[in-house]
Amino acid sequence: MPEQLPPLAPPARLLLGPGPSMVAPRVYEALRQPIVGHLDPYFFEVVEDIRKLLGYVFSTRNEFNIAISGTGTSGMEAAVGNFVEPGEKFAVLANGYFCDRISDVARRHGAVVVRLEKPWGEAFDDQEARDFLRREKPRVAAYVQAETSAGAFQQGKAICEAAHEVDALVIADCVTSLGGMPVMVDETGIDIAYSCTQKGLSCPSGLAPLTVSPRAWERLRKRTTPVDSFYLDLRLLESYFHDHKYHHTASATMFYALRESLALIAEEGIENRWERHRHNHEAFVAGIEAMGMRMHVAAGHRLWTLNTPRVPDGVDDAKVRQRLLNEYGIEISGGFGPLAGKVFRIGLMGYSSTGENVGKILDALKRAMK
Ligand SMILES: *Cc1c(COP(=O)(O)O)cnc(C)c1O
């Protein structure tokens, strides 16, 4: 017999890292509701609510909006694996860690990956994106709208236009933008966008919202080789969520949480929500600059959801983060890869994006760096 454990008592952290973000009380409330079966009529009502609400937060008229059972990476894997076939060319505009992850995923699905590279924290301009895609003529192009490893936002309109000229589909990683910054799927021309639940949507991790344009769905319908993942095959997921045929046992609990988090966004108004994130981000940047620190990403390209102030010379970022956690109960994150030791990564996403939290983190950071 194993020893009896004390009651579960997780510490109450203030989560201001690159995700997970804080969870709203209403979402916690949803998490303790009675579960129903994965084929229960009530479950499919929730699926339908989520479908409509995802259209609203992604700013799209797409009909195919689902939540994949898995974290953001499952959305990435589904987006790549369904739309590229072995031997096809897959172009990545690569300016950070998650661009590298997409490239890796595409190679594992047998694609021939071509990349245009930029230092972490910079964004591609329209002309270089166009030249790259016109030259390579890929089958699929991918970019990360909100690069969480570096803090930069990537505009997508020129990428989508150039990709469509050469009959390529566009995948956009919107994991750190959805619910905090304008994703604008239709206006940008994105064919497949995916996200996660634990960043701008302020749920626990566990689902990956994904939307597919009619153009991309048409391509999928014509696909002749089977998708090399049963679990993430979108045509099978369509038969589950639309035709109510068993495919896997989706978590009713997580679907309730996502429904409530999306309902909170609709009640706040998506534009108001973007404005709240922009406002708190700007207050944070003003505070950082008043402390004599500098932001890694140039103004105009910064994420409102994830800030990357540079670590001042002579400051040990790991020690600062440890003090923030131990003395203030605040979680932030550090840089990695080429930005290891060079930046802090501080998230102000969803329920975490408040003026009060901006004040708390600026104050705690100042003390922890002393
Ligand atoms: C967090 C993140 C992911 C991966 O999401 P997980 O939920 O950790 O699997 C993918 N892309 C970007 C840009 C992210 O920030």
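Keep in mind the model is a prediction, meaning the values are calculated, not measured.

Scanning the protein from N- to C-terminus turns up 13 helices and 14 strands. Against the globule reference of 21 Å for 370 residues, the protein gives a C-alpha radius of gyration of 21 Å, in line with a compact fold. Each of the three principal axes of the protein carries a C-alpha extent, and together these read 60 × 55 × 45 Å. Looking at the protein as a whole, 57% of its 370 residues qualify as buried. Taking the contacts inside the protein whose residues are at least 6 apart along the sequence as the reference set, 72% of them involve residues at least 24 apart. As presented, the protein carries roughly 16000 Å² of accessible surface, and 53% of it is formed by carbon and sulfur atoms. Across the protein, 42 positive and 46 negative side-chain charges occur, with their mean positions spaced 3 Å apart.

Here we come to the sheet that holds strand β4 (residues 112-117). Read across the sheet, seven strands follow the order β2-β10-β9-β8-β5-β3-β4 without closing on themselves; strand pairing throughout is mixed. On the outer flanks of this sheet lie β2 (64-69) and β4, each paired with one strand and no other. With direction set aside, neighbouring strand axes in the sheet form an average angle of 20 degrees. Bridge analysis of strand β3 (residues 89-94) against strand β5 (residues 140-144) gives three bridges, and the strand direction is parallel. Residue pairing across strands places Ala91 opposite Ala141, the latter belonging to β5.

Our next topic: the domain arrangement of the protein. Entries for the protein in the domain assignment read domain 1 (25-266) and domain 2 (269-369). On a C-alpha basis, the centres of domain 1 and domain 2 stand 26 Å from each other. Counting from both sides, the interface comprises 30 residues of domain 1 and, opposite them, 23 residues of domain 2. Here domain 1 is connected to domain 2 by zero salt bridges. For the interface between domain 1 and domain 2, the tally reads 13 residue pairs in polar contact (both at pLDDT 80 or more). Grouping the amino acids of the side of domain 1 that touches domain 2 by side-chain chemistry returns 17 nonpolar, 11 polar and two charged.

What follows covers the nonpolar core. By size, the foremost hydrophobic cluster in this structure holds 93 residues, and its most contacted members are Phe90, Leu210, Leu234 and Phe255. At nine residues, helix α2 (residues 41-58) tops the list of elements feeding residues into this core. When residues are assigned to domains, this core turns out to be shared by domain 1 (25-266) and domain 2 (269-369), each giving three or more. With sequence-adjacent residues up to four places away left out, Phe255 is seen in contact with Phe43, Val46, Val47, Ile50, Ala67, Ser69, Leu207, Phe241 and Ala250. Among the nonpolar cores identified, the runner-up in size contains 21 residues, and Val320, Ile332, Phe344 and Leu365 belong to it.

Moving on: the pairing of β2. Of all six residues that make up β2, six are buried, and the element is covered over most of its length. Neither face of β2 is open: one carries Phe64, Ile66 and Ile68, the other Asn65, Ala67 and Ser69, and all of them are buried. Bridge count for β2 against strand β10 (residues 207-212) is six bridges, and the pairing is antiparallel. What sits directly across from Phe64, in β10, is Val212.

On to the layout of surface pockets, then. Of the voids in this model, the largest pocket is the one considered here, and its volume is about 380 Å³. The wall of the largest pocket is formed by 21 residues, among which Arg51, Glu63, Phe64, Glu238 and His242 lie closest to the centre. Secondary-structure elements contributing two or more residues to the lining of the largest pocket are α2, β2, α8 (214-222) and α9 (234-241). Among the elements that line the lining of the largest pocket, the one with the most residues is α2, at five residues. Its volume calculated, the second largest pocket comes out at about 270 Å³. Secondary structure elements with two or more residues in the lining of the second largest pocket: α3 (72-83) and α4 (97-108). When its residues are assigned to classes, the lining of the second largest pocket shows nine nonpolar, seven polar and four charged.

In total, this model carries one cavity of 30 Å³ or more according to the counting rule given. There is about 50 Å³ of room inside the largest cavity. What lines the largest cavity is simply Asn82, Phe83, Glu85, Glu88, Arg139, Arg219, Leu220 and Arg223. Sorting the residues of the lining of the largest cavity by element identifies α3 and α8 as the ones contributing at least two each.

This part covers helix α6 (residues 157-165). Each α-helix winds once per 3.6 residues, and so residues spaced three or four apart point in a common direction. Burial in α6 covers these residues: Ala158, Ile159, Cys160, Ala162 and Ala163. In this structure, the buried residues of α6 make contact with β3, α5 (126-136), β5, β8 (169-173) and α7 (185-188). Positive backbone phi, at 65 degrees, marks Asp167, one or two positions downstream of α6.

To continue, consider the packing of α8 against α9. Two elements in contact, α8 and α9, have axes separated by 10 Å at closest approach and are oriented at 105 degrees. Taken together, the axis directions place α8 and α9 in an arrangement best described as roughly perpendicular. Contacts between α8 and α9 involve Trp217, Leu220 and Arg221 from the first element and Leu234, Arg235 and Glu238 from the second. Among the residues making up the contact of α8 with α9, the classes are represented as three nonpolar, no polar and three charged.

What counts, and at which threshold
- Residues numbered from 1 in each chain as written.
- Predicted model: local features only at pLDDT ≥ 70, side-chain atom pairs only at ≥ 80, totals over all residues.
- Heavy atoms only, no water.
- Helix = DSSP H or I, 4+ residues; strand = E, 2+ residues; numbered from the N terminus.
- Rg over C-alpha atoms; globule rule 2.2 N^0.38 Å.
- Buried < 20%, exposed > 50% of the residue type's maximum accessible area, 1.4 Å probe, protein only.
- Contact = heavy atoms within 4.5 Å.
- Areas by Shrake-Rupley, 256 points an atom, 1.4 Å probe, with all protein chains shown as cover.
- Lys, Arg positive; Asp, Glu negative; His and termini not counted.
- Charge placed at Lys NZ, Arg CZ, Asp CG, Glu CD.
- Pairing = 2+ DSSP bridges.
- Axes fitted to C-alpha atoms, helices over the stretch in contact; angles between N-to-C directions.
- Domains from an automatic or database assignment.
- Salt bridge = Lys/Arg side-chain N within 4 Å of Asp/Glu carboxyl O.
- Polar contact = N/O pair within 3.5 Å; in protein donor to acceptor, adjacent residues only side chain to side chain.
- Nonpolar A, V, L, I, M, F, W, Y, C, P; charged D, E, K, R; others polar.
- Core = buried A, V, L, I, M, F, W, Y, C linked by side-chain atoms within 4.5 Å.
- 1 Å grid on protein atoms, 1.4 Å probe; cavity = no way out; pocket = protein on both sides within 12 Å on 5 of 7 lines; lining within 4 Å.
- Points joined across faces, edges and corners; volume = space filled by probe spheres on them.
- Parallel < 35°, antiparallel > 145°, perpendicular 65-115°, else oblique.

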